[in-house]
Structure formats: structure tokens, C-alpha cells
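Listed below, chain by chain, are the residues.
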Amino acid sequence: AANPEFCRAAVLSVPGVRTVVYVPFDGGLHSFSLVVQAEHPIVSDGIIRAAQQALNQVVSAGNRGTVRRPTYHGLQLKIALSYRPRADRLRIRQLTRRAAVQYVNGIELGGSFILNELIQRVLDVDDRILDLSFLVFARGVYDPSAQTLTRVQQVTPANMSLSSPLEAWYTSDRLCTICDA
């Protein structure tokens, strides 16, 4: 069988790769997969190709290794903010969206979405944010090729776990919107 640490090290050497998870016997005996998380939220086709080339150079004869991206679970959020007087609402909305997107996309492979962490990051944007509420809180499967969220389900805002370390959370400026309450 292939040496997991040797394979992981080869793929981690590719620029843009942040984390690698080794999955033994993914395609049967003498096969494995490496699931890659990139420094950017979505693992690009270019990173997949470069990581596969790096892996191919260290895989021993008779073994088959495949590099793939995680399964993405998309979050669609619409957050309404209320403010204290004299708040720069436009600037606060922009910074809030950035903070929310960075939090969701920064969760490690297989990591849990923690609602209070998102709320805290939003409230930390500016001390003139008085409160927030969720007008939309939905999850679905994100297809990076089509850039669409499918099988969307409105859910009650809460902590959420992924079922596997081969899955990742994702949101974007298109999926996360901020408005005034």
C-alpha cells in the first residue's frame, strides 16, 4: 500500500493546498484518495491537477491514488442588522458580509458550524450593531462547477455538523446577504 504521510506531504507541497485527508481503499484494494482543502474556499481544477501530478510522482507501482475536492455544504444566509445611532450602515453591511463569509469558509474539513461563533463575528464588526436576526438560514449541496446550491432546505439557525471529514462548509457573497432590519 502507499505510504500515507509520503503522499500527503507531496500534495501539501503544491501551492494553494491547505489541508489533505487520506482515505484508504477508496476505490478498492491498492487504491486511495486524498481530499484537498485549498487556501481559497473552493479547490480549483488547477490545484487538483497539480496535486494529482505531485501524487503520481510518489505513488508506488500497483497503487492508485486520486486527488479530489471535498463535498461542499453550502449555507445561504440573509442577516438583518439593527443599529445604534450614527452607524455607517453601508460600511457595516459590507464588513459583516465579509466576516460571515470568512468564518464559514474558514471552518476546517469536517468541522462544525457554530452559530454563536458566526453571531459573535458579526457583532464584533462594529460596536454600533445593536442586534441581528436571520431572515434566511438554509443549507444545501454546493456544486462548484455550476456555482449553484441544490437541495436547499430552510433550517432553524443552530450549530450544524458534517457527517464526514471529507466535507466542507461554503458560502459566498452571492449566498450571504446582509440587510437592515
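Up top you'll find the structure we're talking about.
Presented here is a report on the structure given in the accompanying data block. (Residues numbered from 1 in each chain as written. Predicted model: local features only at pLDDT ≥ 70, side-chain atom pairs only at ≥ 80, totals over all residues. Heavy atoms only, no water.)

**Some thoughts on the overall build of the chain**
Thinking step 1. Secondary structure summary: the chain contains four helices and eight strands in total.
Thinking step 2. Of the regular secondary structure in the chain, the N- to C-terminal order runs α-β-β-α-β-β-α-α-β-β-β-β.
Thinking step 3. The principal-axis extent of the C-alpha atoms belonging to the chain is close to 70 × 30 × 25 Å.
Thinking step 4. Out of the 181 residues belonging to the chain, those deemed buried represent 45%.
Thinking step 5. Taking the contacts inside the chain whose residues are at least 6 apart along the sequence as the reference set, 66% of them involve residues at least 24 apart.
Thinking step 6. Accessible area for the chain stands at about 9500 Å²; split by element, carbon and sulfur atoms hold 50% of it.
Thinking step 7. Mean positive and mean negative side-chain charge positions of the chain (19 and 15 charges, respectively) differ by 4 Å. (Helix = DSSP H or I, 4+ residues; strand = E, 2+ residues; numbered from the N terminus. Buried < 20%, exposed > 50% of the residue type's maximum accessible area, 1.4 Å probe, protein only. Contact = heavy atoms within 4.5 Å. Areas by Shrake-Rupley, 256 points an atom, 1.4 Å probe, with all protein chains shown as cover. Lys, Arg positive; Asp, Glu negative; His and termini not counted. Charge placed at Lys NZ, Arg CZ, Asp CG, Glu CD.)

**Overview of the pattern of salt bridges**
Thinking step 1. Within the structure shown, the criterion is met by ten salt bridges.
Thinking step 2. Measuring nitrogen to oxygen at the nearest pair gives 2.6 Å for the salt bridge that ties Asp45 to Arg69. Of this pair, Asp45 sits in helix 2 (residues 45-56) while Arg69 is found in the loop between strand 3 (64-68) and strand 4 (71-83), placing the two residues 24 residues apart along the sequence.
Thinking step 3. A relative accessible area of 45% means that Asp45 is categorised as partly exposed.
Thinking step 4. A relative accessible area of 22% places Arg69 in the partly exposed class.
Thinking step 5. The salt bridge involving Asp127 is made with Arg128; its shortest N-O contact spans 3.9 Å.
Thinking step 6. Each of Asp88, Arg91, Asp126, Asp127 and Arg128 takes part in a single network of salt bridges with overlapping partners. (Salt bridge = Lys/Arg side-chain N within 4 Å of Asp/Glu carboxyl O.)

**Looking at unusual backbone geometry**
Thinking step 1. For Arg86, which is not a glycine, the phi torsion comes out positive at approximately 65°.
Thinking step 2. Following the sequence through the fold, Arg86 ends up in the loop between strand 4 and helix 3 (89-106).
Thinking step 3. On the basis of relative accessibility, which here comes to 76%, the residue Arg86 falls in the exposed class.
Thinking step 4. Its identity as a non-glycine residue notwithstanding, Arg151 has a phi of 50°, on the positive side.
Thinking step 5. Relative to the assigned elements, Arg151 resides in strand 6 (residues 148-154).
Thinking step 6. Judged by relative accessible area, Arg151 falls into the exposed class, the value being 67%.

**Here's the deal with helix 2**
Thinking step 1. Between its terminal C-alpha atoms helix 2 stretches 16 Å, which fits the 16 Å expected from twelve residues at 1.5 Å a residue.
Thinking step 2. Considering only its buried residues, helix 2 is in contact with helix 1 (4-12), strand 1 (17-24), strand 2 (31-38) and strand 3. (Expected span 1.5 Å × (residues − 1).)

**Structural notes on the environment of Asn56**
Thinking step 1. Looking at the secondary structure, you find Asn56 in helix 2.
Thinking step 2. Look at Asn56 and you get partly exposed, because its relative accessible area is 47%.
Thinking step 3. In the structure, Asn56 is positioned 45 residues away from Val11 in sequence and 9.7 Å away in space, judged by C-alpha atoms.

**Here's the deal with the state of the cysteines**
Thinking step 1. Taken as a whole and judged by the stated rule, the model has zero disulfides.
Thinking step 2. With no disulfide of its own, Cys176 lies closest to Cys179 among cysteine sulfurs, the gap being 11 Å.
Thinking step 3. Cys176 sits in the buried class, given a relative accessible area of 0%. (Disulfide = S-S within 2.5 Å.)

**Points about the environment of Thr71**
Thinking step 1. One can find Thr71 in strand 4.
Thinking step 2. Along the backbone, Thr71 and Trp169 are 98 residues apart, and their C-alpha atoms lie at a distance of 8.6 Å.

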